[in-house]
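So the chains spell out like this:
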Amino acid sequence: MTRARRRLAIRIAIYAAVVGLALVVIARADLRYRWAWGLFFDRWAHLLLEGLVLTVEVSLVSMLLALPLGVVIGLCRTAHDPGARLLGFGFVEVFRGTPLLVQVMIWYHVLAGPMGLEGPGAWLVAALGPINRALGVSHAVQPTTIAAAVAALACFAASYIAEIVRAGVQSIDRGQMEAARSLGLTHYQAMRHVILPQALRRILPPLASEFIALVKDSSLASVIGLQELTMATRDVQAGAYMTFEPWLVTAALYLGINVLLSLGVRRLEKRLGVARRGEAIQ
Amino acid sequence: MISGDANPAAKLRPLVEARGLRKTYRTGVDRVVNALAGFDLAVTEGEIVCLIGPSGSGKSTALRMLNALERPDADSGALRVLGHDLLDPETDMDRVRAEVGMVFQHFNLFPHLSVIENLALAPRLVRGAAPADARARGLELLERVGIADKAGEPPDRLSGGQKQRVAIARALAMNPRLMLFDEPTSALDPEMVGEVLDVMRDLAAKMTMIVVTHEMGFAREVASRVVFMDEGRVVEDGPPDQVFGAPSHPRTRTFLEKVL
């Protein structure tokens, strides 16, 4: 056996011992709880899956809005124009500097009416309707509620994405911008075709973290009555007098979405050929 | 073909007229560096001008100004490049840059694009060339600089000399009327300097060039004029035989004694 293999074997043995010990502790712990998995899966689990559908939908729509918005705000922060820089700075500070829970409340109770969020909300509900019906989501989604949730999540995530984008753009060697401009490209063309494509490769890992945070943060939309996964879990807890089963399953569902998201971004990194940089040297 | 056919009448046209260019950088609260302190240069079509001088003498700053990568101070005299007034804020600097080619010390190839895409990008975006035409023209240029076989490779697979030859071809793809070189061989391993200088020598027959360089051999052999700079000013300006053979200024002599 080579030295490297022996070290690997020892490491695996240590991991196995730690995990085994943890499982023994959990299994032997007296939780004073009567599990009812059969009842849970028969009567209640489908409500969680309906919540899951909404969580995925709200997260996806928010992501699709947050990414371009975040890129624009991030570019504003690197712009030459002081007005644009101030706008970018203000946006980031406001949406990053207040709790998302407070923002959700303000979007729903304060801004939704005067800003007419019901319109885009109704459009979104109509667009998602066929999908929800096909997946068997039973309850109706209120246009204002989903619009306020998406607006809050998108702006919040965009403020973080803007900073990630700014860091990425500023990490690109100055010579790239100079070379692009020296060929006659405008500032916008240089950004679009030279700087951003390179920056986006570099910022994929923190962007993935931001998307994962967004999925988890969507649980805060439960406070304005959106029947997403967390709200559905609370309903099941109240209706079924069950606590452990729904919450553990919900945690597993969130984890499942986010692991899939991680793997997806990882594949993208591999395809773009950035994954190997900075790899450990044996 | 490379533009700038050398007919005698065209030779008289001034491509660059710089008078009294100043550039000060603020490096601290009350610390100011005079990168250029009254820089004068006139270049006519077909000339090959080599800018030499000690580091910090303002050679690169002057060169970058001709491509509007640096903005001169407001109290500068005059700067006209290819007929455009670069001191006029109304001038479309993007258009000027499209007509002036620039080659950098560190190549600055676009690492996310293949070699041929590096060449085709600007003609497509700036001139609206069809992608197929831009690539065909790019291949032609790669042929000229001797690396057509690398067209599909990413830049990081190339040697330093090959990278700089691609960078030259990329600048030529815009059919510039003037080429600027900012220490094009300074970042190269010694054994690769020759191949880049060969390409530049070839080009010199058909192009107006301004070259910031430490390659005195190249300057002596290829330049029609050598300009020696020190402390942000032109100290000596003349044919290579005169500047290298019988420098009139003591600072030129001191510099040449050190580098030759």
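Treat the numbers as computed from the prediction; the structure is a model and nothing was measured.

Reading guide: rules and limits
- Residues numbered from 1 in each chain as written.
- Chains lettered and ligands numbered in written order.
- Predicted model: local features only at pLDDT ≥ 70, side-chain atom pairs only at ≥ 80, totals over all residues.
- Heavy atoms only, no water.
- Helix = DSSP H or I, 4+ residues; strand = E, 2+ residues; numbered from the N terminus.
- Rg over C-alpha atoms; globule rule 2.2 N^0.38 Å.
- Contact = heavy atoms within 4.5 Å.
- Areas by Shrake-Rupley, 256 points an atom, 1.4 Å probe, with all protein chains shown as cover.
- Salt bridge = Lys/Arg side-chain N within 4 Å of Asp/Glu carboxyl O.
- Buried < 20%, exposed > 50% of the residue type's maximum accessible area, 1.4 Å probe, protein only.
- Expected span 1.5 Å × (residues − 1).
- Arc of directions from axis to C-beta.
- Patch = residues over 30% accessible without salt bridge, like charges linked within 9 Å, V, L, I, M, F, W, Y side chains within 5 Å.

Looking only at helices and strands, one finds nine helices and ten strands in chain B. Taken over the C-alpha trace, chain B has a radius of gyration of 18 Å; the compact-globule value for 260 residues is 18 Å, and the two agree within 12%. Considering only C-alpha atoms, chain B reaches an extent of 50 × 45 × 45 Å along its principal axes. Across chain B, the fraction of contacts at a sequence separation of at least 24, relative to all contacts at a separation of at least 6, is 66%. Accessible surface, chain B as shown: approximately 11,400 Å² in total, 48% of it carbon and sulfur.

Going through the model one piece at a time under the given rule, you end up with 22 salt bridges over all chains. We note a salt bridge from B:Arg97 to B:Asp94, for which the minimum N-O separation is 3.2 Å. A residue pair is termed a helical-turn pair when its members lie 3 or 4 positions apart in one helix, as B:Arg97 and B:Asp94 do in helix α2 (residues 93–99) at three residues. Taking relative accessible area as the criterion, B:Asp94 reaches 18% and is therefore assigned buried. Salt bridges sharing partners connect three or more residues here, namely A:Arg77, A:Glu93, A:Arg96, A:Glu163 and A:Arg166.

Let's shift gears to helix α3 (residues 82–96) of chain A. Residue and element names in this part refer to chain A. Its 15 residues give α3 an end-to-end C-alpha distance of 21 Å, which sits within 8% of 21 Å, the value for a rise of 1.5 Å per residue. Residues Ala84, Gly88, Phe91, Val92 and Phe95 constitute the buried set of α3. Mapping the buried residues of α3 onto a view down its axis gives an arc of 90°, with all of them on the same face. Among the exposed residues of α3, those oriented more than 90 degrees off its buried face are Pro82 and Leu86. Looking at the packing, one finds that the buried side of α3 touches α2 (37–77), α4 (100–115) and α6 (143–171).

Further remarks concern a nonpolar patch on the surface. Residues and elements named next belong to chain A. On the surface, Leu101, Val102, Met105, Ile106, Val110 and Val223 cluster together to form a nonpolar patch covering roughly 430 Å² of accessible area. If you trace the backbone, Val110 turns up in helix α4. For Val110, a relative accessible area of 47% translates into the label partly exposed.

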